[in-house]
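Chains, contacts and geometry: an overview
In case you want the letters, here they are:
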Amino acid sequence: MARRPLFDLLPRNLEIHNFSSVQLTARQSKVLGMGLKFRPSLRPPSADLFDLQIKDFCRRVRLQHAFANCLQDPDFNPRLYVPTGWNPPRENPELEDKLFAVRQELRENIAVNIPHWKNNLSKLEREELRELKSNPNIKILPADKNLGPSLLATDWVQAETLRHLHDELSYRKVTQQDWYDKRLNVINSREKLLSIYSRFLSSNVARFLRSFDHFDSPAKFHIIPKIHKNPMVGRPIAASHSYITRPISIFIDELTKPKIRMPTVLRDSGELIQLLEYTVLPTTDCFLVTADVVSLYPNVDTKKALIALDLLLREARVPETPLLIQLARLVFDNNYLSSEFSPDIFHQVFGIAMGTPFAVTAANAFMFHHEKDIVEYYSQYLKLYKRFIDDIFAIWCGPKGTLLEFLNALNSKTDRIKLTYCISESSISFLDLFLYRETSSNVLQFSTFQKPLNKYLYIPFESFHPSSNKKAFIKGELMRYARNSSSFNSFHDTREKFWKRLRVRGYPFRFLLPLFREIRYCDRKKWLYKKPKNRSSLGRTIVFKTTLNCSHARIKSAISSILPEIDCIVCYKKTVTLANLCK
């Protein structure tokens, strides 16, 4: 019998949030404690399925060979591209011989080589999971803010879902026929716009905008529990991944976001850190302020959002402005929803659907329009004012009474936009940062803020993820901790906690040590700045798309030995997760 590794003897972090009356068995708690991103191991695929993956790769090689001498379009955007499925003719005998050899070797490898993984979910554990799934009284949902799995009573989820949908200021019930008519109207209105503004649209972009016409169902409405709120409420989500307006929403976002300028909007906490490192604070009358817009997306006035977008696009002199505004109106006016808890279809008549790709850009534009005049009026007191979607951070240098006037002005400009705020002279948390003043310094210090309710259910070491995925998320977190720490001591403390949390998720010492040694605090400056995406370099790499249960076929080495001139990477597609098994 094989000896158990040392890390198996450590206590494991398998915590979950149980808000139901159901008492879980030890085995059920263990399985859910793996986290909803946990991937059960899979058996190797059938020969026919793997052969389809090989054929897809061969097609990609032929495409690159066919267009090798063509210049790449600098305006090409892969997000607005619809694959045609065209297979180029087999004109190069030498290339075809090599592709045949690749196919033969890969098929032999997957048949002969023994898989190197073990089953990470036992038969009994799968049975316990099926028992939980079949229980009609509970729902297993991911908590908001990535705080871990939550077990909720179905009655609560249903009541909270219907509470949102029965809000008559935001939603209206419609008939099935109304929905069919509106769906047809979306197609007809879009076609009319494509005809009028054809000079702005390539044939491929037009094909992309039509690519979801076969979807005939409303968007799926669901909630994510905000367990950090008291009382607990649900965040409304309209899943638009299979909804007819999704391509339009993506198109607007791709053309709008890079061109409009909103000085008060933050890209991420890294941008804030760059500003804070050069912001000198006065010794007196200085307040740190954070504010949160209550339920921003459902309370956005879409008419004002369109006005704000129109002004920003015209200011940026975007020639497609009339097209983008009319398409945005088409998205805003045609958000139809269905829910598992109601046979009715609902039309959202106020607010933006949180789930459509354009939602963040539209909400930012609306809030920029909302706050602009007020921020300018009080600018003499604002050492810094930045907003990340619905989270606001400000450094106020002036009387506290005037600060309260400023916050009241933001709060009273419209009936539906309301803020909750926190004011401090010494320390405050914002996004993933904890900001604080030291008496010996006139510059803000900062460290990584960690939410008390977070269970830190990182992907377990046993999960059926590629090793590269596990290494990447660990290195990414360490880089974030270094970036978010104004001193080495802060980084060291957070890194030590991270090490312990990974160890109790099953990660062995020998796996973690090289990664922790690689990420050094002295390199933090290079992680503060976001590198621009270089799309032209990506076009010459050929991807072999597969799943991790094909890894024993030694795909990379087989291709490199036969086609050394090709820059190939093996991409492992997402497989089923615990979240999928719990639905």
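Calculation rules
Residues numbered from 1 in each chain as written. Predicted model: local features only at pLDDT ≥ 70, side-chain atom pairs only at ≥ 80, totals over all residues. Heavy atoms only, no water. Helix = DSSP H or I, 4+ residues; strand = E, 2+ residues; numbered from the N terminus. Rg over C-alpha atoms; globule rule 2.2 N^0.38 Å. Buried < 20%, exposed > 50% of the residue type's maximum accessible area, 1.4 Å probe, protein only. Contact = heavy atoms within 4.5 Å. Areas by Shrake-Rupley, 256 points an atom, 1.4 Å probe, with all protein chains shown as cover. Lys, Arg positive; Asp, Glu negative; His and termini not counted. Charge placed at Lys NZ, Arg CZ, Asp CG, Glu CD. Expected span 1.5 Å × (residues − 1). Phe/Tyr/Trp six-rings, centres within 6.5 Å; stacked < 30°, edge-to-face > 60°. Lys NZ or Arg CZ within 6 Å of the ring centre and 35° of its normal. Disulfide = S-S within 2.5 Å. pLDDT = per-residue confidence, 0-100. Pairing = 2+ DSSP bridges. Core = buried A, V, L, I, M, F, W, Y, C linked by side-chain atoms within 4.5 Å. Axes fitted to C-alpha atoms, helices over the stretch in contact; angles between N-to-C directions. Parallel < 35°, antiparallel > 145°, perpendicular 65-115°, else oblique. Left-handed = near helix turned anticlockwise from the far one by under 90°.

With that settled, consider the overall build of the chain. Helices and strands together make up the secondary structure of the chain, namely 19 helices and 17 strands. Radius of gyration (C-alpha) of the chain: 27 Å, near the 25 Å computed for a compact globule of 583 residues. If one aligns the C-alpha atoms of the chain with their principal axes, the spans along those axes are about 75 × 65 × 50 Å. Residues counted as buried form 49% of the 583 residues belonging to the chain. Contacts in the chain between residues far apart in sequence, at least 24 positions, make up 78% of those at least 6 positions apart. Within the structure as shown, the chain displays about 30400 Å² of accessible surface, and the carbon and sulfur contribution to it stands at 53%. Side-chain charges in the chain split into 87 positive and 59 negative, and the spacing between the mean points of these groups amounts to 4 Å.

Spanning 16 residues, helix H15 (residues 488–503) covers 22 Å between terminal C-alpha atoms, matching the ideal 22 Å at 1.5 Å per step. Buried within H15 are the following residues: Ser490, Phe491, Thr494, Arg495, Phe498, Trp499, Arg501, Leu502 and Arg503. Where the residues of H15 are buried, they touch strand S14 (433–436), strand S15 (445–448), helix H14 (467–483) and helix H16 (509–518).

Below, the discussion takes up the environment of Pro231. When you line up the elements, Pro231 lands in the loop between strand S5 (219–226) and strand S6 (233–239). On the basis of relative accessibility, which here comes to 61%, the residue Pro231 falls in the exposed class. A sequence separation of 15 residues divides Pro231 from Arg246, and the C-alpha atoms of the two residues are 33 Å apart.

So, about the side chain of Gln53. If you trace the backbone, Gln53 turns up in helix H2 (residues 47–66). Leave out the neighbours within four places in its chain, and Gln53 touches Phe544, Lys545, Thr546, Thr547 and Cys550.

Summed over the entire model, instances satisfying the criterion amount to 33 aromatic pairs. Taken together, the aromatic side chains of Tyr456, Tyr458, Phe461, Phe473, Tyr481, Phe498, Trp499, Tyr507, Phe509, Phe511 and Phe516 make up a single cluster linked through ring pairs. Against the face of Phe461 rests Lys470, its NZ or CZ located 5.0 Å from the ring centre. Over the face of the ring belonging to Tyr456 we find Arg501, whose NZ or CZ atom lies 3.7 Å from the ring centre.

A full pass over the atoms with the stated rule returns zero disulfides. The closest cysteine sulfur to the non-disulfide-bonded Cys286 is located on Cys397, 4.3 Å from its own sulfur. Take Cys286: its relative accessible area is 4%, and that puts it in the buried class. The thiol sulfur of Cys422 is not disulfide-bonded, and the nearest other cysteine sulfur, from Cys286, lies at 14 Å. You can call Cys422 partly exposed: its relative accessible area is 37%.

With 96% of its residues at a pLDDT of at least 70, the chain reaches an overall mean of 91. Predicted confidence for residues 1–8 stays below pLDDT 50, and this span has six contacts to residues more than four positions away or in other chains.

Residues Ile428 and Phe430 of strand S13 (residues 427–430) are buried on one face, while the alternating residues Ser427 and Ser429, pointing to the opposite face, are not. Between the end of S13 and the start of S14, which pair antiparallel, lie two residues, with Leu431 showing a positive phi angle near 50 degrees.

This brings us to the environment of Ala359. With respect to the helices, strands and loops of the structure, Ala359 is situated in helix H12 (residues 359–377). Among the residues examined, Ala359 registers a relative accessible area of 4% and is labelled buried. Contact partners of Ala359, with chain neighbours within four places excluded, come to Tyr297, Ile352 and Ala353.

Core analysis: the largest hydrophobic core is formed by 89 residues, its most contacted members being Phe251 and Phe406. Of all the elements, H12 adds the most residues to this core, at nine residues. Grouped together as the second largest cluster of nonpolar side chains are 21 residues, Val61, Val102, Ala553 and Ile555 included.

Moving on, we get to the sheet that holds strand S3 (residues 149–153). Taken together, three strands build an open sheet; the order of strands is S1-S3-S2 and the sheet is mixed. The strands lining the two open edges of the sheet, one partner per strand, are strand S1 (17–18) and strand S2 (138–142). Inspection of the sheet shows S2 paired to S3 by five bridges, in the antiparallel sense. Considered in S3, the bridge of Ile140 is made with Leu151.

Two quantities define a packed helix pair, namely the angle between the axes and the distance from one axis to the other. Relative to each other, H2 and helix H3 (residues 93–112) sit at 155 degrees, their axes nearing to 11 Å. Relative to H3, the element H2 lies roughly antiparallel. Two packed elements cross with a definite hand, and for H2 against H3 that hand is right-handed. For the pair formed by H2 and H3, the contact residues are Phe50, Asp51, Ile54, Lys55, Cys58, Val61, Arg62 and His65 on the first element and Leu95, Glu96, Leu99, Arg103, Leu106, Arg107 and Ile110 on the second.

This part covers the sheet that holds strand S7 (residues 286–293). Spatial ordering of the open sheet is given by S10-S11-S7-S12, a layout of four strands whose pairing is antiparallel. Only two strands of the sheet have a single neighbouring strand rather than two, namely strand S10 (382–388) and strand S12 (419–424). Between one strand axis and the next, the sheet turns through 15 degrees on average, direction left out of account. As judged from the six bridges shared by S7 and S12, these two strands associate in the antiparallel manner. Considered in S12, the bridge of Val293 is made with Leu419. Its contacts with the sheet put helix H9 (residues 269–276) on S10 and strand S11 (391–397), and the angle it makes with S10 is roughly 170 degrees. In this fold helix H13 (residues 400–412) packs onto S7, S10, S11 and S12, with an angle of close to 165 degrees to the strand it touches most, S12.

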